[in-house]
Amino acid sequence: MPPPPCALENKLASSLASRDERLIRRRLPDPNTSITSAASPSSSTTSSSSSDAKLKTTSNERLIDFTSNDYLSLSTSPHLRKLFLKKLIDAPDILGSGGSRLLVNGRAHSTFEARLKEFFCSPTPPTSSSSGSGFDRGIPGVLGGRTVIATPNINSTTTTTPAALLFNSGFDANVGFFSCIPQPGDAIVYDEYIHASVHDGIRGSRVQKGLRRGFRHNDLGDLRRVLGDLKGYEGPIASGASSIFVSVESLYSMDGTFSPLKSISDILDEMFPNGNAYLIVDEAHATGIYGPQGRGRVAELGLEGKVLARLHTFGKALAATGAVIITTELIRDYLLNYARSLIYTTSLSYANIIAADASFDLLMDGATESLSNHLLDLSNHLTTTLLPHLVSKKIPPRILSLPEHLLPVSSPSTQTLVHPADAPPPSPIIPLLTSLPRPLSAYLLSKGMNARPITWPTVPKGKDRVRVCLHAGNTLEDVDALVEGCVEWAVAILRKEEKEVRGEAINVNADSEEGLVQGTSESVEVNEVDLKMDLKKRRRSGRNLGERSYVTLLLESKL
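Definitions and limits used
Residues numbered from 1 in each chain as written. Predicted model: local features only at pLDDT ≥ 70, side-chain atom pairs only at ≥ 80, totals over all residues. Heavy atoms only, no water. Helix = DSSP H or I, 4+ residues; strand = E, 2+ residues; numbered from the N terminus. Buried < 20%, exposed > 50% of the residue type's maximum accessible area, 1.4 Å probe, protein only. Contact = heavy atoms within 4.5 Å. Areas by Shrake-Rupley, 256 points an atom, 1.4 Å probe, with all protein chains shown as cover. Arc of directions from axis to C-beta. Phe/Tyr/Trp six-rings, centres within 6.5 Å; stacked < 30°, edge-to-face > 60°. Lys NZ or Arg CZ within 6 Å of the ring centre and 35° of its normal. Pairing = 2+ DSSP bridges. Axes fitted to C-alpha atoms, helices over the stretch in contact; angles between N-to-C directions. Lys, Arg positive; Asp, Glu negative; His and termini not counted. Salt bridge = Lys/Arg side-chain N within 4 Å of Asp/Glu carboxyl O. Polar contact = N/O pair within 3.5 Å; in protein donor to acceptor, adjacent residues only side chain to side chain. Core = buried A, V, L, I, M, F, W, Y, C linked by side-chain atoms within 4.5 Å.

> I tried to follow the overall build of the protein on my own but got confused; where do I start?
Scanning the protein for helices and strands turns up 15 helices and 20 strands. Here the protein holds 559 residues, and 54% of them are scored as buried. Long-range pairs, those at least 24 residues apart, make up 77% of the contacts in the protein between residues at least 6 apart in sequence. Of the roughly 24,700 Å² that the protein leaves accessible, carbon and sulfur atoms contribute 53%.

What follows is the structure, encoded as structure tokens:
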């Protein structure tokens, strides 16, 4: 007879059970729903994960990827694969790394770091004038006709030498920076939607709790309020004896919104003339897509000289692993001495470095420019195609809507008018707001599209969504299929609600074994759903929305 569970087991199981009850328990997705896990050509696949819909596909089907961060689709690029393998063959070292950078500073690591410093800190692109996105980049170093010093000259007061420092991940880099760079008596101000790694770094810092302040997302008025409170709260900050660090993301991963970097920089210059307010920008989701050669939004706006530290990661658009902080030589040296997430871990393997180096080859020779242009064209296409159908079908926002920042006319907000340079470009991240994220995700999965539901605690309560991440490998037909699926699902939900209000019976199939996920599932038949999609000839072959469609609705699931 097994021994009774111990106190620890009881507590852990209770916490997980609580998450089950609140429908917020996390599980790994089924690998069969991964875009990189194609089905075997000799057999069909059936996903059986407890956290995913049971998806039945034919042997040659692959899910359309609307969920990964592989924005430029470089992970499936034959050119990048060939380049990477050639570099591996030619490299003297490819396995392991030997230990921490403080013990073994591999030649590949040191050379790559120097390359990153040149790439991100040069006033002009190192080898090519090609740029990442094609949307109003202008000339590097010039903003609205005003020449900007491209070599880091923080807050235009302290001349410093630019530097780059590799980290194993963006998470490690944020934790390392925020846990050690802010000093006792300093303050940290952060956007409320900042990444969890920044919060972990702040918690490990020596900044007292009263000097850790958040401001409403992208709200410049609230930022001014928080900065003003801190300026009056702590005398040394007003006098310049202590510092303020403002942490933002250039492109936010869950909402697809852009930080108004130019406006924030201007506010810091205005409110802290002593130059003791520092802007820290996480460029994880912008790297490779925006700015000259994909160098990010800071470079696109010519703000290199106004930002103390930029974080660029390699695991998203660049299809590699690792991250780099672009900062000053002094801060680099301090991080080498005090950043525990750098010091006490084995560094990236040589193979990791080689892979990232190959991706930067594509950025520097301009090979990714057309990918970025196509990606952002897809973003425009999705929003301009979906919105009219939501309006014409009178879909309530609780069922499906686009966020306010993607609407053609946004309602007035309380934030200060942003600088014209901060007008946002298209984003590859499109949140589809819905109170039923799991049912929508499961329905799209049944149609061969992988777009994951995002709920609290990852996003605030009441902000549930299916997050769509677009990729350069997607086609217009893929996006049209996504729009068709979303509208078809939303219309079915609306009709079901209307029938329930009238007290009419609906055809329900509650077979949990054949449902799209393990848990309670329901299915509703919808006759001749007339979407009147204005997609011309771009529909995917085999998709006939005039046919009778079987709309699966998951009203309850325990994911």
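> Hey, could you run me through helix α5 (residues 196-203) in this one?
Structurally, the α-helix is built with 3.6 residues per turn, so residues lying three or four positions apart point the same way. All buried positions along α5 are accounted for by S197, V198, G201 and I202. All buried residues of α5 project into a common sector of 140 degrees when viewed along the axis, lining one side.

> Help me out: how do you make sense of the packing of aromatic side chains in this one?
Centre distance and the angle of the planes are the two values used to describe a pair of aromatic rings. Here the structure, examined in full by the defined rule, presents 10 aromatic pairs. Here F112 and F314 contribute two aromatic rings whose centre-to-centre distance is 5.7 Å and whose plane-to-plane angle is 65 degrees, an arrangement assigned as edge-to-face. With F112 in helix α3 (residues 107-121) and F314 in the loop between β13 (309-313) and β14 (323-328), the pair connects residues that are 202 residues apart, well separated along the chain. Look at F314 and you get buried, because its relative accessible area is 0%. Here the aromatic rings of F245 and Y278 are separated by 5.7 Å at their centres, their planes lie at 35 degrees, and the arrangement is tilted. Taken together, the positions of F245 in strand β11 (residues 244-249) and Y278 in strand β12 (residues 277-282) put the pair 33 residues apart, joining distant regions of the chain. The pair formed by F245 and Y278 is uniform in burial state, with each residue classed as buried. Positioned above the aromatic ring of F272, the side-chain terminus of K231 is 5.4 Å from the ring centre.

> What exactly am I supposed to notice about the sheet that holds strand β8 (residues 162-167) here?
With respect to topology, 7 strands assemble into an open sheet ordered β8-β14-β13-β12-β11-β9-β10, the strand pairing being mixed. Two strands lie at the open edges of the sheet, namely β8 and β10 (212-215), each paired on one side alone. Going across the sheet, the axis of each strand differs from the next one's by a mean of 20 degrees, ignoring polarity. Bridge count for strand β9 (residues 187-191) against β11 is 4 bridges, and the pairing is parallel. Residue pairing across strands places A187 opposite I244, the latter belonging to β11.

> Would you mind going over the side chain of D65 with me for this structure?
Relative to the helices and strands, D65 resides in strand β3 (residues 64-65). Buried D65, no salt bridge; nearest opposite-charge side chain is R62, N-O distance 8.1 Å. Reaching out from D65, the side chain makes a polar contact with the backbone nitrogen of T67 at a distance of 2.9 Å.

> Can you walk me through the environment of D93 in this structure?
Inspection of the secondary structure assignment puts D93 in the loop between α2 (78-90) and α3. Accessibility expressed as a relative area gives 30% for D93, which makes it partly exposed. A C-alpha to C-alpha distance of 6.3 Å links D93 and Y350, two positions 257 residues apart in sequence. Residues in contact with D93, not counting those within four places in the same chain, are R107, Y350 and I354. Here the side chain of D93 touches R107 through a polar contact of 3.2 Å, side chain to side chain.

> Quick question: what am I supposed to make of the pairing of β14 here?
The side chains of a regular strand alternate between both faces of the sheet. Counting buried residues in β14 gives 6 out of 6 residues, a clear majority hidden from the surface. Where β8 lies against β14, 6 bridges are found, and the strand directions are antiparallel. From the neighbouring strand, L165 faces β14, where its bridge partner is I325. Here 4 bridges tie β13 to β14, and the two strands are oriented antiparallel to one another. When the bridges of β14 are listed, R310 appears paired with I326.

> Is there a simple way to think about the pattern of salt bridges in this case?
Charged atoms that come close allow side chains of opposite charge to pair. The final tally for this structure, using the stated rule, is 24 salt bridges. Across the pair R115 and D357 runs a salt bridge, and its minimum N-O distance is 2.6 Å. Here the residue R115 occupies a position in helix α3, and D357 occupies one in helix α12 (residues 350-364), the gap between them amounting to 242 residues. Of the two residues examined, R115 and D357, each falls in the buried class. A single salt-bridge network, built from bridges that share partners, covers R216, D219, D222, R225 and D229.

> Hey, could you run me through the nonpolar core in this one?
Nonpolar side chains in soluble globular proteins tend to end up buried together. Counting residues in hydrophobic clusters, the biggest one holds 52 residues, and the most contacted among them are F177, V189, L227, I244, V246, V248 and L335. Dropping the residues within four chain positions of it, V189 is found in contact with R213, F215, L223, V226, L227, L230, I244, F245, V246 and S247. Counting 50 residues, the second-largest nonpolar core is a separate cluster that includes Y71, I430, L470 and C486.

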